[in-house]
Amino acid sequence: MAIRTMGPSGQYETGLDGAGAALPELLAPAGGLDQMLAAIAAGADAIYAGLGDFNARVSAHGFTDDELARGCAVAHAHGVRVYVTLNVFVFDDELSDAVALGAHALELGADALIVADAGLVCALRAAIPGVEIHLSTQAGVHSEGAVRLAADELGVERVTTARELTVDEIASLCGTGVPIEVFCHGAICIGYSGACEFSALRRGRSAMRGDCTQPCRLAYDLVDEAGESVVAVEGDRLLCPRDYLGIAHLPELVAAGVASLKIEGRMKNPDYVFNVVRAWRHALDMLRDGTWDANAVPALERELGRSFNRGFTDAYLRGRSGAELMSFERAINQGVRVGRLVAVGHEEVAVELDAAVAAGDTLEIRFYPGVDARPDVPKRWPQVPCPVSAAAGERVVVHCKRKVDTGCEVYLIRSAGVLDQTAAMLERMRAEADAIAPVARAVEVLPFEDVAVDGGASTELVECAVPARMVFAWQLMDADPRGELDLSDAVVVLDEVCRTGDADRTRSLMQRAGRVVCRNLGQVVIARELGVTFDVAAPVFCANRTTLAWLRGLGAGRVYLPAELLGNDAERIAELTAELGVLGPVDADHTELMVCEHCLLTAEGACATDAAQAGVCCHDCMRRRQARYLVERDGTRLPVAIDARGRTRIFLT
């Protein structure tokens, strides 16, 4: 999709980069009408928003019908598209309502729907002729095969990929010809999206239903078998990653052929949306005009840092997943560095600036006790108002009553300028929204109960001989490093992740196993190509009979439910388990809470993998052969396992 720029008429015009290549869509988040207006004003090409209860940010403010209709009208007047998220997994008794909500969103002006549940995709496709559907990152697409399956078997027009992929992997997915949407900025879930039951099983609130309690932002300890802490890093936020920052890789992502660059943030304030979107708009405009220069990246990063962030990382794009990915010390806004203390007086300090500040900015002074300080001397991070505007290279005197020392770094954590600019913009955009007349659309909706689902094979369980022994593929990395074991008497439960680098090993396991359980759509593709007998289990998520029919239509035998559905939602899926032969969790004896690309053992200090490509040294790592437990604040010990690729798995028992 070509980039848009504001022309003389006030309408956005499409353009190309300096080399003549079409640039990607800039996709912005909106948790409410003000955020949508901010995104439009800042130069977004498209906006994604939630409506009703079937979206993955149920706690966001959201939209009333009138707000979404007016927001869509303003967006379309500026040439901006609107996508509504229906990206949770739905039950049988919700399918009709979810389809109706999707149709209603289109009537209000939405251009497309973002969906995660395969059954809901099928139902929407059957009930609403011509509907445009984008597959959510919650569906867990990591490979070319999964992209093609989504396009060919579900008919989606776009696929949003996992955040963990490298630039090269993204390019290979784009090479399928299916439009690919990638995250470019914002918060990161440490667990693979769609493969995390931590919140559901430990807090009773499901990420798969849009109600994640964000356990990855909490404090933990990491202990050995004796209960002794092994943490060597500063901080206790052992599962908290920094925020995604892909701005330095923009030319590479454009060259890869991505269709859309997605900014995370439907829970963020309008000033965040406005500032982040306009920075990315400026970067894309530079590419279009042929003025992009790598020397511009630091200034762009500083501008982006003026909005909420937990520190920034581009580790995934570079194929890294060690400690540099993490924000061990804090899970809150870290702002952007603007200077350091050069003098300390009575209740005031002097700051030498290396970036501009404005009167009214909130500054944070980061004081760390020296190595010779008493153990009881605390860290201090006082937040103080900036009294004047000043440029880089100048000094400002700031009132500070807390004890700090010279040399402390100073960060800007709240930008008065961004807030003032956002307020002025919103006043103008709200007036435009109040003056515009929403245009209702007529959407044809076929009765859901009267439509047949394409590819919906019989939902009756096909009985097949099942080997008695069940083994997990991630454990076989150590037991079968050269792929020589005879597994013909075993059911091999494949990994939750299936990236390009996992394909050869996956094929080898399938060819030697008596039966396999696929846990990723990419594995389903490989199983079908090889003609092997396969079952499916979460994170291939099944919560309704339409999804079950689709999976059986692909050739799946047994279907295993995720553990979280047998707790809070047992009654709602009783028919699936009792009448349709769906089984309980494939990992019932050792329930998994989360899988992530990051190696949790890097909290014990630097390792060889930190200085090399992820996974290179993990096979011979002695740390991961020792018992480790993640300890919650209430003392609960959660077993941790690191596989030979350096991926972390956290278990309930």
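Here's the deal with the sheet that holds strand β25 (residues 628-631)
With antiparallel pairing, five strands are arranged side by side in an open sheet as β10-β25-β26-β27-β24. Sheet topology places β10 (221-223) and β24 (592-596) at the edges, where each strand pairs with a single neighbour. Across the sheet, the mean angle separating the axes of adjacent strands is 25 degrees when strand polarity is ignored. Bridge count between β24 and strand β27 (residues 648-651): four bridges; the pairing is antiparallel. Each residue of the ladder has a partner; that of E592, found in β27, is F651.

Regarding unusual backbone geometry
Cis geometry marks the peptide bond from A538 to P539, where omega comes out at 15 degrees. With respect to the helices and strands, P539 occurs in the loop between β23 (534-536) and α15 (545-554). If you check the backbone angles, Q214 has positive phi at about 55 degrees while not being a glycine. Structurally, Q214 can be placed in the loop between α7 (198-203) and β10. Of note, the phi angle at E347 is positive, near 60 degrees, even though the residue is not glycine. For E347, the position within the fold is in the loop between β14 (336-344) and β15 (348-353). By relative accessible area, which is 32% here, E347 ends up partly exposed.

So, the nonpolar core
Of all hydrophobic cores here, the largest spans 169 residues; its most connected members are W280 and V492. The leading source of residues in this core is helix α9 (residues 270-289), at eleven residues. For V492, the residues in contact, after removing those within four places along its chain, are V471, A473, L476, L487, L509, A513, R515, V516 and V517. In terms of nonpolar packing, the next biggest core, distinct from the first, is built from 21 residues, V336, L353, I365 and V404 among them.

Examining the packing of aromatic side chains
Scanning the entire structure with this criterion turns up four aromatic pairs. Aromatic side chains F89 and F541 sit 4.4 Å apart centroid to centroid with 25 degrees between the ring planes, which places their arrangement in the stacked category. Placement of the pair is F89 in the loop between β5 (81-86) and α3 (95-108) and F541 in the loop between β23 and α15, with a sequence separation of 452 residues. Among the residues examined, F541 registers a relative accessible area of 6% and is labelled buried.

Observations concerning the pattern of salt bridges
In this structure the tally under the stated criterion is 59 salt bridges. The salt bridge partner of E25 is R158, with a shortest N-O separation of 2.8 Å. With E25 in strand β3 (residues 25-30) and R158 in strand β8 (residues 158-160), this residue pair connects regions lying 133 residues apart in the sequence. The residues E25 and R158 share a single accessibility class, namely buried. Among the salt bridges present, the one from R310 reaches D243, with a minimum N-O distance of 3.5 Å. Here D243 lies in strand β11 (residues 243-245) and R310 lies in the loop between α10 (297-305) and β13 (312-313), a separation of 67 residues in the sequence. The exposure class assigned to R310 is buried, which follows from its relative accessible area of 8%. Residue D243 is classed as buried on the basis of its relative accessible area of 1%.

Some points on the packing of helix α1 (residues 33-42) against helix α2 (residues 65-77)
The geometry of a pair of packed helices is captured by two quantities: the angle between their axes and the separation between those axes. In contact at an axis separation of 10 Å, α1 and α2 are set at 5 degrees when each is read in the N-to-C sense. Here α1 lies roughly parallel to α2, going by the angle between them. Between α1 and α2, the contacting residues are L33, M36, L37 and I40 on the first element and E67, L68, R70, G71, C72, V74 and A75 on the second. Residues that form the contact of α1 with α2 fall into these classes: eight nonpolar, one polar and two charged.

Overview of the sheet that holds strand β22 (residues 513-518)
Sheets are built from strands paired through backbone hydrogen bonds, the pairs being either parallel or antiparallel. On the basis of which strands lie adjacent, the open sheet formed by four strands has the order β20-β21-β22-β23 and parallel pairing. Each edge of the open sheet carries a strand with a single partner, namely β20 (469-472) and β23. Sheet twist, expressed as the average angle between the axes of neighbouring strands with direction ignored, equals 30 degrees. As defined by bridge partners, strand β21 (residues 487-493) adjoins β22 across four bridges and the pair is classed as parallel. Bridge pairing in β22 links V491 to R515. Running at roughly 135 degrees to β22, helix α13 (residues 503-512) makes contact with β21 and β22 of the sheet. Packing of helix α14 (residues 521-530) onto the sheet brings it into contact with β22 and β23, and relative to β23 it is tilted by some 165 degrees.

About the thresholds
- Residues numbered from 1 in each chain as written.
- Predicted model: local features only at pLDDT ≥ 70, side-chain atom pairs only at ≥ 80, totals over all residues.
- Heavy atoms only, no water.
- Pairing = 2+ DSSP bridges.
- Helix = DSSP H or I, 4+ residues; strand = E, 2+ residues; numbered from the N terminus.
- Axes fitted to C-alpha atoms, helices over the stretch in contact; angles between N-to-C directions.
- Buried < 20%, exposed > 50% of the residue type's maximum accessible area, 1.4 Å probe, protein only.
- Core = buried A, V, L, I, M, F, W, Y, C linked by side-chain atoms within 4.5 Å.
- Contact = heavy atoms within 4.5 Å.
- Phe/Tyr/Trp six-rings, centres within 6.5 Å; stacked < 30°, edge-to-face > 60°.
- Salt bridge = Lys/Arg side-chain N within 4 Å of Asp/Glu carboxyl O.
- Parallel < 35°, antiparallel > 145°, perpendicular 65-115°, else oblique.
- Nonpolar A, V, L, I, M, F, W, Y, C, P; charged D, E, K, R; others polar.

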